[in-house]
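Spelled out, the chains give:
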Amino acid sequence: MNDNLTTDRPTFVTHLECSLTGERYAADTLHNLSRAGRPLLVRYDLDALGRAVSRDDIASRATDLWRWRELLPVRHTRNVVSLGEIETPLVPIPGSGGANVLVKDEGRLPTGSFKARGLVMAVAMAKELGVTRIAMPTNGNAGAALAAYATRVGIETIVFCPEDTPEVNVREIAMQGARVWRVNGLIDDCGAIVGKGAADGRWFDFSTLKEPYRIEGKKTMGLELAAQFGWSLPDAIFYPTGGGTGLIGMWKAFDELERLGWIGSARPRMYAVQASGCAPIVRAFEAGEEHAERWEDAHTVAAGIRVPRAVGDFLILRAVRESGGKAVAVGDPAILSAVDECARRDGLLLCPEGGATLAAYRQAVRDGEVDADERVVLFNCATGLKYPMPPADRTLDRHGDIDFDAL
Ligand SMILES: *Cc1c(COP(=O)(O)O)cnc(C)c1O
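Along every chain, residues carry numbers that run from 1 in the direction the sequence is written. Since the coordinates come from a predicted model, pLDDT governs what is reported: local features require at least 70, and pairs of side-chain atoms require 80 or more to be given and counted, while whole-chain, interface and lining totals use all residues. Side-chain metrics in this entry use all non-hydrogen atoms of the structure; hydrogen atoms and water are not considered.

**Thoughts on helix α8 (residues 245-259)**
Turning to step 1, where the next piece is worked out: In a regular helix each residue adds 1.5 Å, so 15 residues correspond to 21 Å; α8 covers 21 Å between its end C-alpha atoms and thus fits that length.
Turning to step 2, where the next piece is worked out: The buried label goes to any residue with under 20% of its type's maximum accessible area, the exposed label to any with over 50%, and the partly exposed label to all in between, with areas taken from a 1.4 Å probe on protein chains only. Every helix listed is a DSSP run of H or I at least four residues long, and every strand listed is a run of E at least two residues long, numbered separately from the N terminus. Most of α8 sits inside the fold, with 12 of its 15 residues counted as buried.
Turning to step 3, where the next piece is worked out: For α8, the complete set of buried residues consists of Thr245, Gly246, Leu247, Ile248, Gly249, Met250, Trp251, Lys252, Ala253, Phe254, Glu256 and Leu257.
Turning to step 4, where the next piece is worked out: Looking one or two places after α8, you find Gly261, whose phi comes out positive at around 75°. By this rule, a helix spans an expected 1.5 Å times one less than how many residues it contains.

Written as structure tokens, this is what we have:
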């Protein structure tokens, strides 16, 4: 029996803080972006937290996302929502990656992607703060996770996606109870519609990083990694970067864990992986810029990272630089052949975004950027089953002569 979902735990949120200016905002009230137009970060009383709970206490609980409750923003247990957010496994891929490469397989989460981590938290907080109607732009997976959790707690949802969003995503969003609209534009064009409706008071804006709690949900990837590595961290992390929520969240997690004294000061080098057809963060990284300009004519098979402009650009760039990592781009052919090779050689079906991290890792090894004996984690952010696969169309006539040697 998992009592993480039912046991009351003390909470430690003190306030929210503008990620750009440090300006303080009150907790326990609804917020979107800060007055400076940037994401808000949740701050905790880590001294009190450290006195109330130890890493061993947490390690002794059932290994799901809600075991981290004291490090999460939800105040009241009655607002916890769950579809079974398991701790995702680290799967070795010795054939296509190498002896020291582990894939954190996020495809096993509810709704088949790691968007569940962010949205389970954001929806729980929306419930806690009395939201009744939410709108969101999505490339697919975020909309599906929102629809599932919001439906579960009885919040109405309206979702806008680019018209070429994978069919399975559009349909799963609809099936899980949201009203979904295909828009003739990209995700930021969808975001503009959401913003307009929010300004008119029609709904609450759930765009990436425009509400403060998705980062807290995604932070659990960093918390989990620390626990799975025995309270240390890998040498390098490759993360497929769209809005960058997960990379920002993990970086925040590592900082909080160090302040708690649960890990040391060593950090993984963070590699923000983008597709060469949409690489605004890579371009800004290489130019030494602090912010990234919009990428025009964005295109890639990896829909989840087709994000022309990220409101948290400077947070991604800051984490990557502080960590000694890099922002790197890989082409669609390299992405697809990485997916293919991992499936054929290791039996693990990655999503294209996960394939991008494998392609980027192999490029980094070739360039001497990463040593083959360093411990590396690649993020596979969704199940490969959601994406188109090459046809397999051999047929057999059971009434004819079967050439068994040829099977
Ligand atoms: C959303 C998404 C990403 C990008 O995640 P961010 O944290 O927004 O950068 C990568 N891969 C998949 C499959 C996604 O759905």
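**Comments concerning the sheet that holds strand β1 (residues 13-18)**
Turning to step 1, where the next piece is worked out: Taken together, the 3 strands give an open sheet; going across it, the order is β2-β1-β3, and neighbouring strands pair in antiparallel fashion. Strand pairing shows two members of the sheet lacking a second neighbour, β2 (24-25) and β3 (40-44), which therefore form its edges.
Turning to step 2, where the next piece is worked out: Judged from the 5 bridges that link them, β1 and β3 form a sheet pairing that is antiparallel. Bridge pairing links Leu16 to Val42 in β3.
Turning to step 3, where the next piece is worked out: Most of the contacts of helix α7 (residues 213-228) go to β3, to which it runs at about 60°, and overall it touches β1 and β3. When DSSP finds two or more bridges between a pair of strands, those strands are recorded as paired. For this analysis, residues touch if any pair of their heavy atoms sits within 4.5 Å. Throughout, an axis means a line fitted to C-alpha atoms (over the contacting stretch in the case of helices), and angles, computed between N-to-C directions, take values from 0 to 180 degrees.

**Structural notes on the pattern of salt bridges**
Turning to step 1, where the next piece is worked out: Think of a salt bridge as a Lys or Arg side-chain nitrogen and an Asp or Glu carboxyl oxygen that are within 4 Å of each other. All told, the structure shown has 31 salt bridges when counted by the stated rule.
Turning to step 2, where the next piece is worked out: Across the pair Arg61 and Glu70 runs a salt bridge, and its minimum N-O distance is 2.9 Å. Comparing Arg61 with Glu70 shows no difference in burial state: the two are buried.
Turning to step 3, where the next piece is worked out: The salt bridge partner of Arg344 is Asp340, with a shortest N-O separation of 3.0 Å. Separated by 4 residues within a single helix, Arg344 and Asp340 lie in helix α11 (residues 332-346), roughly one turn from each other.
Turning to step 4, where the next piece is worked out: By sharing partners, the salt bridges in this structure join Lys104, Glu106, Arg117 and Glu224 into a single network.

**A closer look at the site of the ligand**
Turning to step 1, where the next piece is worked out: Note on terminology: near, applied to a residue and a molecule or strand, indicates that one of the residue's heavy atoms is within 4 Å of it. Lining the immediate surroundings of the ligand are 18 residues, of which Lys115, Asn141, Tyr239, Gly242 and Gly244 lie closest.
Turning to step 2, where the next piece is worked out: Here an oxygen atom of the ligand and a backbone polar atom of Thr245 are 3.1 Å apart.
Turning to step 3, where the next piece is worked out: By the criterion applied in these results, polar contacts are pairs of N or O atoms within 3.5 Å in which, for protein atoms, one can donate a hydrogen and the other can accept it, and in which residues neighboring in sequence qualify only through two side-chain atoms. Within the backbone of Gly246, an N or O atom sits 3.1 Å from an oxygen atom of the ligand.
Turning to step 4, where the next piece is worked out: All accessibility values rest on the Shrake-Rupley procedure with a 1.4 Å probe; residue burial counts only the protein chains present in the view. Burial of the ligand by the protein chains amounts to 96% of its free accessible area of 380 Å².
Turning to step 5, where the next piece is worked out: Using a 2 Å cut-off from the grid points, one finds that the ligand occupies the largest pocket.
Turning to step 6, where the next piece is worked out: Amino acids are sorted into nonpolar (Ala, Val, Leu, Ile, Met, Phe, Trp, Tyr, Cys and Pro), charged (Asp, Glu, Lys and Arg) and polar (every other residue, Gly among them). Residues that form the shell around the ligand fall into these classes: 7 nonpolar, 8 polar and 3 charged. Within this scheme a cavity is a closed region of a 1 Å grid, computed over the protein atoms alone, that accommodates a 1.4 Å probe without allowing it to escape, whereas a pocket is open but has protein on both sides within 12 Å along at least five of seven lines; lining residues each have an atom within 4 Å of a point. The rule for placing a molecule in a cavity or pocket is simple: more than half of its atoms must lie within 2 Å of the grid points.

**Some words on the sheet that holds strand β8 (residues 179-183)**
Turning to step 1, where the next piece is worked out: Here we have 4 strands laid out as an open sheet, ordered β8-β7-β6-β9, and parallel in their pairing. For this open sheet the edge positions go to β8 and β9 (204-205), each flanked by a neighbour on one side alone.

**Things to note about the pairing of β1**
Turning to step 1, where the next piece is worked out: Taken together, the 2 bridges between β1 and β2 define a ladder with antiparallel strand orientation. Its bridge partner lying in β2, Glu17 is registered against Arg24.

**Some details on the nonpolar core**
Turning to step 1, where the next piece is worked out: Counting residues in hydrophobic clusters, the biggest one holds 96 residues, and the most contacted among them are Trp66, Leu119, Leu146, Phe206, Met250, Trp262 and Phe379.
Turning to step 2, where the next piece is worked out: Take this core: its biggest share by element is 9 residues, from helix α3 (residues 115-128).
Turning to step 3, where the next piece is worked out: Sequence-distant contacts of Phe379, that is, excluding residues within four places in its chain, are made with Lys104, Glu106, Met221, Leu225, Ile237, Phe238, Tyr239, Pro240, Met250, Gly354 and Thr357.
Turning to step 4, where the next piece is worked out: Residues Val273, Ala302, Leu358 and Val376 belong to the second largest nonpolar core, which totals 27 residues. Grouping buried Ala, Val, Leu, Ile, Met, Phe, Trp, Tyr and Cys residues that are joined through side-chain atoms within 4.5 Å yields what is termed a nonpolar core.

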